[in-house]
Amino acid sequence: MSALPEDIATPAPETLDFLARKHQLLIDGQWVDAASGATIEVEDPATEKTIATVACGGADDIDRAVVAARKALKGEWSRITSHERSRLIWKLADALEARLNLAIELEVLDNGMPRPIANIAIAGSAINHLRYYAGWATKIHGQTIPVSPGGARNGESLTYTQREPVGVVGAITPWNAPLPMVMLKLAPALAAGCTMVLKPAEMTPLTALLIGQLTREVGIPDGVFNIVVGHGADAGAALSEHDDVDKIAFTGSTAVGKIILRAAAGNMKKVSLELGGKSPVVVFPDADLDRVIPGAARGAFFLQGQNCMAGTRLFVHADVYDQVVEGVAEMARAFKIGPGLQPGTDLGPLISANQVNTVMGYIAAGKQTDAELVCGGEAIEGPGHFVQPTIFGQTNMDMKIAREEIFGPVLCVQKFGDWDLDAIAEQCNSTIYGLSGSVWTRDISVAHRMVKKIDSGQVSINCHAAVDPAIPFGGNRQSGWGREFGQEGLEPYLKTKATTVMF
Ligand code: NDP
């Protein structure tokens, strides 16, 4: 397909100033070079141009950052009140809001997502997330439990529990929604009183560095939040193996999640994992198709399909199959593809040339099956890593494209012919994943029965992948361990101490 237009909207001067700066690691409140002096070039995936050069840390830098985080955990941070922690988190939200345009433009240039999506991700998600957990900082408490240990007489002993910060947290984040991914970990960690060493995806470190700057501006003490940009196999591995890290909070692929688990075994650190997905979207014939069609199209192609919650398997009843597939395909063909800063862009580039190769490999595999290529199927000539939104109809679960997470703009559609809910659920549950999913019908009994049968951490009715700081989110099976968001999202950052008093 022919190249895209070049009329890319120009970033604001403050964004250009930020990009032109020297970008270092944040360790113990200081911006420092990597011990090795190494740097990484950060690319705009829409233009393939280098937009910034960032220090690239390794094991030595991780070690320095962990020492700083441990020192901070025992220092001033451990003595400030929960009200003060709450105030600092709220101030961080205000500071981010005050730099909203800068944060959005950095996220768009770094990741490629369209500006309106970055606005939702930062204004609608990350900032709300901070404020939500600012509220939790003052509501962390234990229980009193009436007990009779060791034959104590009733009423002559008491056990109480206290919730304590889990300690030094190593956070490892992916590139698909860089700033919210940091916030999902940083906000509850600060609320709980933990300290953190963050290793963001090396392809998209810029908004993490902005957050680092803002933590300094609002007065979060030195060493509470440290950032070591670096490669996964080097800095990421050093962090997950480090004996003085108490917990790893990881978001990324299932394959790397398994590596993290093995690395954590050394000191048996706690681990929470938000991993991949291949989420089902089930459409019954009585559903409101005016809602199904845009819901399914956005559910599949949001963030160019580089979205763990993406509804990439569309199961449609035979009675409405043609109408739904044609409706979604019409939307997919009409999506405006381009650089994220270009007004009107619906779909941006994929993150990298490698990701385009991976996605095009899956599309080639799909073309070799009996599946029907309904639309798309081509990469778009560069510059930029663009791929057409692609729909395969008449797929089945024997096909690799229907089973594996592609993490690109590829939707697989399957037809079902009767109302055997168990059979439909069996198809929905027949991947290694169990992250998200949705059911579309006007029949509330069918809706609730299907929700019960789909083995995913989140199953929505007549919408797909609703996100709010209060909605617990996480995966079943190989989609992860634990939950982020909501009260449950605080739990991985806390540990319980029980104390018994005899009198
Ligand atoms: P990866 O698993 O490749 O990388 C995630 C992070 O882990 C990056 O920071 C990466 O570093 C780092 N990493 C890579 N290798 C190691 C290692 N050996 N030890 C420690 N850290 C390592 O995932 P992607 O970045 O490609 O992100 C896409 C994946 O993330 C998809 O599978 C997607 O489903 C999942 N995801 C899940 C979400 C959820 O909430 N469930 C949300 C978003 C994405 P680097 O890349 O810098 O080398």
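Criteria and cut-off values
Residues numbered from 1 in each chain as written. Predicted model: local features only at pLDDT ≥ 70, side-chain atom pairs only at ≥ 80, totals over all residues. Heavy atoms only, no water. Near = heavy atom within 4 Å. Polar contact = N/O pair within 3.5 Å; in protein donor to acceptor, adjacent residues only side chain to side chain. Areas by Shrake-Rupley, 256 points an atom, 1.4 Å probe, with all protein chains shown as cover. 1 Å grid on protein atoms, 1.4 Å probe; cavity = no way out; pocket = protein on both sides within 12 Å on 5 of 7 lines; lining within 4 Å. Sits in = over half its atoms within 2 Å of the grid points. Helix = DSSP H or I, 4+ residues; strand = E, 2+ residues; numbered from the N terminus. Nonpolar A, V, L, I, M, F, W, Y, C, P; charged D, E, K, R; others polar. Phe/Tyr/Trp six-rings, centres within 6.5 Å; stacked < 30°, edge-to-face > 60°. Buried < 20%, exposed > 50% of the residue type's maximum accessible area, 1.4 Å probe, protein only. Contact = heavy atoms within 4.5 Å. Pairing = 2+ DSSP bridges.

Trainee: I tried to follow the site of the ligand on my own but got confused; where do I start?
Mentor: The ligand sits among 30 residues. The nearest are Glu202, Gly232, Ser253, Leu275 and Glu405. Here Glu202 contributes a side-chain N or O atom positioned 2.5 Å from an oxygen atom of the ligand. Starting from 910 Å² of accessible surface for the ligand in isolation, the protein chains cover 88%. Cavity membership is defined here by more than half of the atoms lying within 2 Å of grid points; on that basis the ligand lies in the second largest pocket. Among the secondary structure elements, those contributing two or more residues to the shell around the ligand are helix 9 (232-241), strand 10 (247-251) and helix 10 (254-264). Of the residues belonging to the shell around the ligand, the class tally is 16 nonpolar, ten polar and four charged.

Trainee: What is the right way to read the packing of aromatic side chains from this model?
Mentor: We describe a pair of aromatic rings using the distance from one ring centre to the other and the angle between the two ring planes. According to the stated counting rule, one finds six aromatic pairs in the structure shown. A ring pair is formed by Phe301 and Phe335, whose centres lie 6.2 Å apart and whose planes are at 80°; its orientation type is edge-to-face. Remark: Phe335 occurs in the loop between helix 12 (321-334) and helix 13 (353-367) and Phe301 occurs in helix 11 (residues 289-301); sequence separation between them is 34 residues. In this structure Phe301 comes out as buried when scored by relative accessible area, which is 1%. Each ring, one from Phe473 and one from Phe485, has its centre 6.0 Å from the other, and the planes form 80°; the classification is edge-to-face. In this pair, Phe473 sits in the loop between strand 21 (460-461) and strand 22 (476-477) while Phe485 sits in the loop between strand 23 (480-481) and strand 24 (494-502), placing the two residues twelve residues apart along the sequence.

Trainee: How do you make sense of the environment of Leu96 when you look at a structure like this?
Mentor: Topologically, Leu96 is positioned in helix 4 (residues 82-98). C-alpha separation for the pair Leu96 and Lys270, spaced 174 residues apart in sequence, amounts to 30 Å. Excluding residues within four positions of it along the chain, Leu96 makes contact with Ala103, Ile122, Ile127, Leu130, Leu179, Met183, Ile211 and Leu214.

Trainee: Help me out: how do you make sense of the sheet that holds strand 5 (residues 144-145) in this one?
Mentor: The pairing of strands in a sheet comes from backbone hydrogen bonds and takes either a parallel or an antiparallel form. Pairing is antiparallel across the open sheet formed by three strands, whose spatial order is 5-6-24. With partners counted over all chains shown, the strands left at the sheet margins are strand 5 and strand 24, one partner each.

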